[in-house]
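A structural walkthrough
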Amino acid sequence: MVDRMGFLQAEIDSLKKRGIYAPFRVLHSPQMAESIIDGKKVINLCSNNYLGLTNHPKIKEAEHKAIDKWGAGAGAVRPIIGTMQIHIELEERLAKFKGTESSLVFIAGIAANRGTIQALIPEPEDAAISDELNHASIIDGVRLTKAKRFIYKHNDMNSLEDVLKQAKGSRRIMIITDGVFSMDGDIAPLPQIAELADKYGAFTMVDDAHASGVLGKGGRGTVSHFNLEGRWDIQMGTLSKGMGVLGGYIAGTKNLTDFLRYNARPFLFSTAHPPATAAGCIAAIDILESPEGEALTKKLWDNTHYFKGKLKELGFDLGKSVTPITPLIIGGEERTAKFSKKLFEEGVMGTPIFYPTVARGTERIRFIVTAMHTKENLDFAIEKIEKVAREFKVI
Ligand SMILES: *Cc1c(COP(=O)(O)O)cnc(C)c1O
C-alpha cells in the first residue's frame, strides 16, 4: 500500500532524536506505594493516587455491587436515558460534600473543563482570562470558544489586573485558574483573584484536579482551603486523582449546573459513566467524610513535609511547590530522560516531564507523595534520588 501518511515517520524520528521516544512504563500490579512496573518492584512516586483510594477495598466492593445491580454500562448519554439513580446520587453527594447548591458530573476532568468554558463564554464579545500555566484542558476549553483570549503571568495579580483592564466592556468576563498547578505544585491566590473579579465585573472558575482530596477541609479543594465559600463561582474538581476513580465535576449554583446540562457539549454528546464508576466515587466521598479520610489526608501531608524537607536539606531546588507535587528541575530533555531511567534502575519511579508540558530548559522529574508511602519507602527513595543527582551533578 502507498504510504499516504509518510509525515508520521518524520514525526516519530524527531521524537527519537530528542531522546524522549520510549514505550510507556506498564503497571504489572495495582497502583500502590510499591508497584511492579515493567516487571520490577519500585517505589512509585508518580501516580495521582494521593490517598491510595484506587485500590481501596470499600471502593472496590461498591463497584462490584453496582455492576450486579445496574450492569456494566449506562447505555446512553445522560440527557437521553443514560442517567441512572446512582448518577443523581453521586451529584447530590458531591454538592453536599462541596457545600454548593448543585453539582454536575462529566466523564472526566478534561470534559468538564472543555464543556464548561466553551458553554459559558461562546461569543466573540466574551473574554477568557487564563493563567499562563493553566492545564491543557483549560487551554482547550478556551480554544473552543470564540471569546477573546487574555493570558496573564503565572499567579501575578498585577498582570491579571492589566488584562482585566483590557477586557473591560466585554459581554462576559471569565477568569480561569488551576487551584494547584500540576507541574509546579504551587497554589493560585484565589482571594486576590476574587477581589479583582468583583472590581472588574468578572466571574471565576477554579480547576481543583490536584486539590480534590488533597487541600481544604477534608480534601474539599482550594475554595475551602481559603475559606472562600460563597465568594467563588465555579469549582471544577476531579474524581480521577485523589478520589481514586474517574470523572470531573462542576460544583456551583443550581442555575449553573442547569445551564451546563443543556449546553456543555461533552456532557450532551458522550455516554454516561458506567454505574460502577459512579458507585466507586460515592464510596470515595464516604471515605473522605469519615475519620479514615481525615487520617489519610493527614498522612498525605505528613509524608509531603517529610519528603520535601529531606530533599531541601540535601540542597534540591523544589521551586515554588507547597503541595505533594514535588518538581525536581533537571534541565535538558535527554538529561532528564536519562536521569529518570537511572533512577528507575535504582528502584524509584518519578515522572520525567518535557516541553510542551513545561517550558524548555525546565525539564523535570515530578514526584507525587501519597498517603500510602511508609517512612521506609520515602527514605529509600531519598537515598536513591541523592545518589543519582550527585552522579548527574544536579546537587
Ligand atoms: C488531570 C487534570 C485534569 C484532567 O482530569 P481527568 O479527570 O484526568 O480528565 C484537568 N485539570 C488538571 C489541572 C489536571 O491536572
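The sections below set out a description of the structure shown in this document. If you're wondering where the values come from, they're calculated on a predicted model, not measured in any experiment. (Residues numbered from 1 in each chain as written. Predicted model: local features only at pLDDT ≥ 70, side-chain atom pairs only at ≥ 80, totals over all residues. Heavy atoms only, no water.)

1. Details of the sheet that holds strand 7 (residues 203-208)
The condition is simple: Any two strands are treated as partners once DSSP identifies two or more bridges connecting them. By the criteria applied, helices consist of DSSP H or I runs no shorter than four residues and strands consist of E runs no shorter than two, each listed in order from the N terminus. Lines fitted to the C-alpha atoms define the axes, with helices restricted to the stretch that makes contact. Angles between their N-to-C directions range from 0 to 180 degrees. Every residue pair with non-hydrogen atoms within 4.5 Å of one another is taken to be in contact.
A sheet is described by the order of its strands in space; here 7 strands give the open sequence 3-9-8-7-6-4-5, paired in mixed fashion. The sheet is open, and its two borders are formed by strand 3 (102-106) and strand 5 (148-152), each paired with just one other strand. Averaged over all neighbouring strand pairs, the angle between strand axes comes to 20°, with direction disregarded. Strand direction decides the pairing type here: strand 4 (residues 127-131) and strand 6 (residues 173-178), joined by 4 bridges, are parallel. Across the sheet, residue A128 finds its bridge partner in strand 6, namely M174. Here helix 4 (residues 85-98) sits on the sheet in contact with strand 3, strand 7, strand 8 (234-238) and strand 9 (248-252), set at roughly 125° to strand 3.

2. Details of helix 6 (residues 136-143)
What counts here: Burial here depends on accessible area, computed with a 1.4 Å probe over protein chains only, as a share of the maximum for the residue type. Under 20% is buried, over 50% is exposed, and the range in between is partly exposed. Comment: arc refers to directions from the helix axis out to C-beta atoms.
Among the residues of helix 6, S137, I138, G141 and V142 are the ones counted as buried. The buried residues of helix 6 occupy an angular sector of 145° when projected down its axis, which confines them to one face. Against helix 5 (109-120), strand 4, strand 5, strand 6 and strand 7 lie the buried residues of helix 6.

3. Here's the deal with the site of the ligand
Heads up, the condition is: A single heavy atom is enough: if one lies within 4 Å of a molecule or strand, its residue is considered near that molecule or strand. Here a polar contact is recorded for every N or O atom pair within 3.5 Å, except that within protein the pair must consist of a potential hydrogen donor and a potential acceptor, and residues adjacent in sequence are included only if both atoms are side-chain atoms. Per-residue and other accessible areas follow the Shrake-Rupley method at a 1.4 Å probe size, with only the shown protein chains counted as cover for residues. Under the scheme applied, nonpolar residues are Ala, Val, Leu, Ile, Met, Phe, Trp, Tyr, Cys and Pro; charged residues are Asp, Glu, Lys and Arg; polar residues are all the others, including Gly.
Close to the ligand lie 15 residues; G109, I110, D207, S240 and K241 are nearest. Contact distances for the ligand include 3.0 Å between an oxygen atom and a backbone N or O atom of I110. The separation between an oxygen atom of the ligand and a polar side-chain atom of K241 is 2.5 Å. Burial of the ligand by the protein chains amounts to 86% of its free accessible area of 390 Å². Top element by residues in the shell around the ligand is helix 5. It accounts for 3 residues. Split into classes, the residues belonging to the shell around the ligand amount to 3 nonpolar, 9 polar and 3 charged.

4. Side note on the packing of helix 13 (residues 291-313) against helix 15 (residues 375-391)
If you want to describe how two helices pack, look at the angle between their axes and the distance between the axes. Using the following cut-off: Note that the term roughly parallel is reserved for angles under 35 degrees, roughly antiparallel for angles over 145, roughly perpendicular for angles of 65 to 115, and oblique for everything else. Rotating anticlockwise by less than a right angle from the far helix to the near helix defines a left-handed crossing, while the corresponding clockwise rotation defines a right-handed one.
Between helix 13 and helix 15, the least distance of the axes is 10 Å, while the angle of their chain directions is 25°. Classified by the angle between their axes, helix 13 and helix 15 sit roughly parallel to one another. Handedness of the helix 13/helix 15 crossing: right-handed. Taken together, the residues of helix 15 that come into contact with helix 13 (itself represented by N303, Y306, F307, K310 and L311) are K375, L378, D379, I382 and I385.

5. Remarks on a nonpolar patch on the surface
Basically, it comes down to this: For patch detection, residues must exceed 30% relative accessible area and be free of salt bridges, and they are connected within 9 Å for like charges or within 5 Å for nonpolar side chains (Val, Leu, Ile, Met, Phe, Trp, Tyr). Salt bridge, as applied in this entry: a Lys or Arg side-chain nitrogen positioned within 4 Å of an Asp or Glu carboxyl oxygen.
A grouping of M5, F7 and L8 is seen on the molecular surface, where their side chains present a nonpolar patch of about 290 Å² in accessible area. Mapped onto the elements of the fold, M5 is located in the segment before helix 1 (7-18). Given a relative accessible area of 43%, M5 falls into the partly exposed group.

6. Some thoughts on the side chain of T238
Note that T238 resides in strand 8. Within the structure, the side chain of T238 is placed 3.2 Å from the backbone oxygen of A209, a separation counted as a polar contact. The residues contacting T238, other than those within four sequence positions of it, are G109, D208, A209, S212, M243, G247, G248 and Y249.

7. Considering the packing of aromatic side chains
Let me state the cut-off plainly: Classification of ring pairs rests on two measures: the distance between centres of Phe, Tyr or Trp rings, Trp counted by its six-membered ring, which must be within 6.5 Å, and the angle between planes, read as stacked under 30 degrees, edge-to-face over 60 and tilted in between. Comment: the charge-over-ring label is applied if NZ (Lys) or CZ (Arg) is within 6 Å of the ring centre and within 35 degrees of the ring normal.
Evaluated as defined, the whole model comprises 3 aromatic pairs. Note on F307 and F367: the rings are 5.9 Å apart at their centroids and 80° apart in plane angle, and the pair reads as edge-to-face. On the criterion of sequence distance, the pair formed by F307 in helix 13 and F367 in strand 13 (residues 364-368) is long-range, its members being 60 residues apart. Seen from the ring of Y21, K16 lies directly overhead, with NZ or CZ sitting 4.9 Å from the centre. Here R25 stacks its cationic end above the ring of F344, 3.7 Å away from the centre of that ring.

8. Here's the deal with unusual backbone geometry
Between Y355 and the following residue, P356, the backbone shows a cis peptide bond with an omega angle of 10°. Position of P356 among the secondary structure elements: in the loop between strand 12 (351-353) and strand 13. Phi at D38 is positive, roughly 50°, even though this residue is not glycine. Note on placement: D38 falls in the loop between strand 1 (34-37) and strand 2 (40-44). Look at N227: it is not a glycine, yet its phi comes out positive at around 50°. Secondary-structure assignment places N227 in the loop between helix 9 (222-225) and strand 8.

9. Description of the nonpolar core
A general trend in soluble globular proteins is that nonpolar side chains are found buried together. Using the following cut-off: Definition of nonpolar core: a set of buried residues of the types Ala, Val, Leu, Ile, Met, Phe, Trp, Tyr and Cys, connected through side-chain atoms within 4.5 Å.
Counting 37 residues, the largest nonpolar core has L51, L90 and L239 as its most contacted members. Elements supplying a minimum of two residues to this core: helix 2 (57-70), helix 4, strand 9, helix 12 (275-288) and helix 13. Sorting elements by how many residues they give to this core places helix 12 first, with 9 residues. With sequence-adjacent residues up to four places away left out, L51 is seen in contact with G213, G242, L288, L296, T297, L300 and A371. I129, L160, I173 and A197 belong to the second largest nonpolar core, which has 24 residues in total.

10. Here's the deal with the environment of Y152
Its location among the elements puts Y152 in strand 5. According to the relative accessible area criterion, Y152 is buried, its value standing at 1%. Not counting residues up to four positions away in its chain, the partners in contact with Y152 are I129, S130, D131, E132, M157, S159, L160, V163, I175, I176, T177 and I193.

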